[in-house]
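Secondary and tertiary structure notes
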Amino acid sequence: MTSSEVQRIADEIRNMKRRGAGEIARSAAQALQLTAELSTATSPNELVEELRGTSQLLLATRPTAVSLPNAVRFVMHRVTSVLVQARTVVDIRTVAIKAAEDFIQNSLSAIQRIGEIGAKRITDGDKILTHCNSSAVIAILGTAWKQGKRFEVTVTETRPRFQGRLTTRELGSIGIPVTLILDDAVRFFLNKIDKVFVGADAVAANGALVNKIGTSLIALAAHEARVRVFVAAETYKFSPETLIGELIEIEERDASEIIDPDELSQIPNATVRNPAFDITPAEYIDLIITEKGIVPPQAAIFILEQEFGLLTPEELSDYHTVRISEQD
Ligand code: RUB
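Report on the accompanying structure.

Notes on the pairing of strand β7 (residues 228-232)
- The element β7 is largely enclosed, with a buried count of 4 among its 5 residues.
- Bridge count between strand β4 (residues 195-198) and β7: 4 bridges; the pairing is parallel. Its bridge partner lying in β7, K195 is registered against R228.
- Summarising the sheet, β7 and strand β9 (residues 287-290) pair through 3 bridges and their orientation is parallel.

Quick notes on the nonpolar core
- Grouped together as the largest cluster of nonpolar side chains are 38 residues, with contacts concentrated most on L32, L51, L58, L68, V72, V79 and I92.
- Counting residues per element, the ones that place at least two in this core are α1 (4-14), α2 (21-38), α3 (44-59), α4 (67-83) and α5 (89-119).
- Dropping the residues within four chain positions of it, L51 is found in contact with L32, T35, A36, M76, V79, I92 and A96.
- Core analysis: the second largest hydrophobic core is formed by 29 residues, L209, A219, A222 and V229 among them.

What to know about the packing of aromatic side chains
- Counting across every chain of the model gives 5 aromatic pairs.
- Centroid distance F188 to F189: 5.1 Å. Interplanar angle 80°. Geometry classified as edge-to-face.
- When the ring of F197 is compared with that of F230, the centres are 4.9 Å apart and the planes differ by 20°; the resulting orientation is stacked. Here the residue F197 occupies a position in strand β4, and F230 occupies one in strand β7, the gap between them amounting to 33 residues.

Observations concerning unusual backbone geometry
- The omega angle of the peptide bond from R159 to P160 is 5°, so this bond is cis rather than trans.
- Its identity as a non-glycine residue notwithstanding, C132 has a phi of 65°, on the positive side.
- If you trace the backbone, C132 turns up in the loop between β1 (127-130) and α6 (135-146).
- Residue C132 is classed as buried on the basis of its relative accessible area of 8%.
- One non-glycine residue, F162, lies in the positive phi region at around 60°.
- Looking at the element boundaries, F162 is found in the loop between β2 (152-156) and α7 (163-174).

Examining the sheet that holds strand β8 (residues 277-280)
- Here 3 strands make up an open sheet; going across it, the order is β5-β6-β8 and the pairing antiparallel. Two strands close off the open sheet at either side, each with one partner strand: β5 (202-203) and β8.
- Bridge count between strand β6 (residues 209-212) and β8: 4 bridges; the pairing is antiparallel. Looking at β8, one finds that N211 is bridged to D278.

Conventions and cut-offs
- Residues numbered from 1 in each chain as written.
- Predicted model: local features only at pLDDT ≥ 70, side-chain atom pairs only at ≥ 80, totals over all residues.
- Heavy atoms only, no water.
- Buried < 20%, exposed > 50% of the residue type's maximum accessible area, 1.4 Å probe, protein only.
- Helix = DSSP H or I, 4+ residues; strand = E, 2+ residues; numbered from the N terminus.
- Pairing = 2+ DSSP bridges.
- Core = buried A, V, L, I, M, F, W, Y, C linked by side-chain atoms within 4.5 Å.
- Contact = heavy atoms within 4.5 Å.
- Phe/Tyr/Trp six-rings, centres within 6.5 Å; stacked < 30°, edge-to-face > 60°.

Right under this line is the structure:
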């Protein structure tokens, strides 16, 4: 049975109280850890079933950020690989808790490392543009600022959920001069911008980026204006499913985020579409900054091979079955 604390984490991911691909992934690991800690299972198999239940609950929250299934995979892979020799519930519990703690620690270290690596790409006097609210991008900007580099940041408000306001507040409180603009004003300001930095919800094997809706238009305009586009992405944002030709599902959110339902109901023949993410092709991205180093987007496949090469196709497809049945 799902504990109320685990259910609360899943609800908070769904209603975006916990948001951003990194935080979503760490929250998923935390929910699995709590499941192991609170379980009253009497056999190793029973506890693994509970962990699978939590995994399915988490996978059904938001579909796009690949960091979430990768966090689940990280923990569950370790759990299932000790199941054969596990004698007691404690054996499984110990492994699950340690795996979740490791994932969370790795995630936080990765963001810090991206901050250090990415800060090298910032020079004094830079005018930087960012979209949405990415903790990896903020780590880069914050690190560069602490190193004494002086630059300005322009932030898109990021409709309809206004995550750009969070970024504006975070950067402003570090001391970085920050300008909040309308999403539609990007091209108006772009000729005064030197570099674009964005985060990632997913990176596909072909180097395409999935990030907050509007990222692809910004990258397209930046390409036209010859402004470089940098993506900050921990390696757990890379999608192993895309290695076997799967597409990344784009979350479509409720129309009420865009227009009041009463107002909409009075307009004949009108529908509303509200995709939360879009896809930026690799050719509009200059570099991806990961905790392992900086790579061109075309090298995404090598990152995937390095990170997931040890997973067998059976493990990938087993995980996949979980997702498909969840969606059905
Ligand atoms: C957040 C978003 C962020 C990425 C990266 O979307 O698109 O750019 O998740 O964030 P939402 P981070 O607000 O819909 O979750 O670098 O913090 O992982």
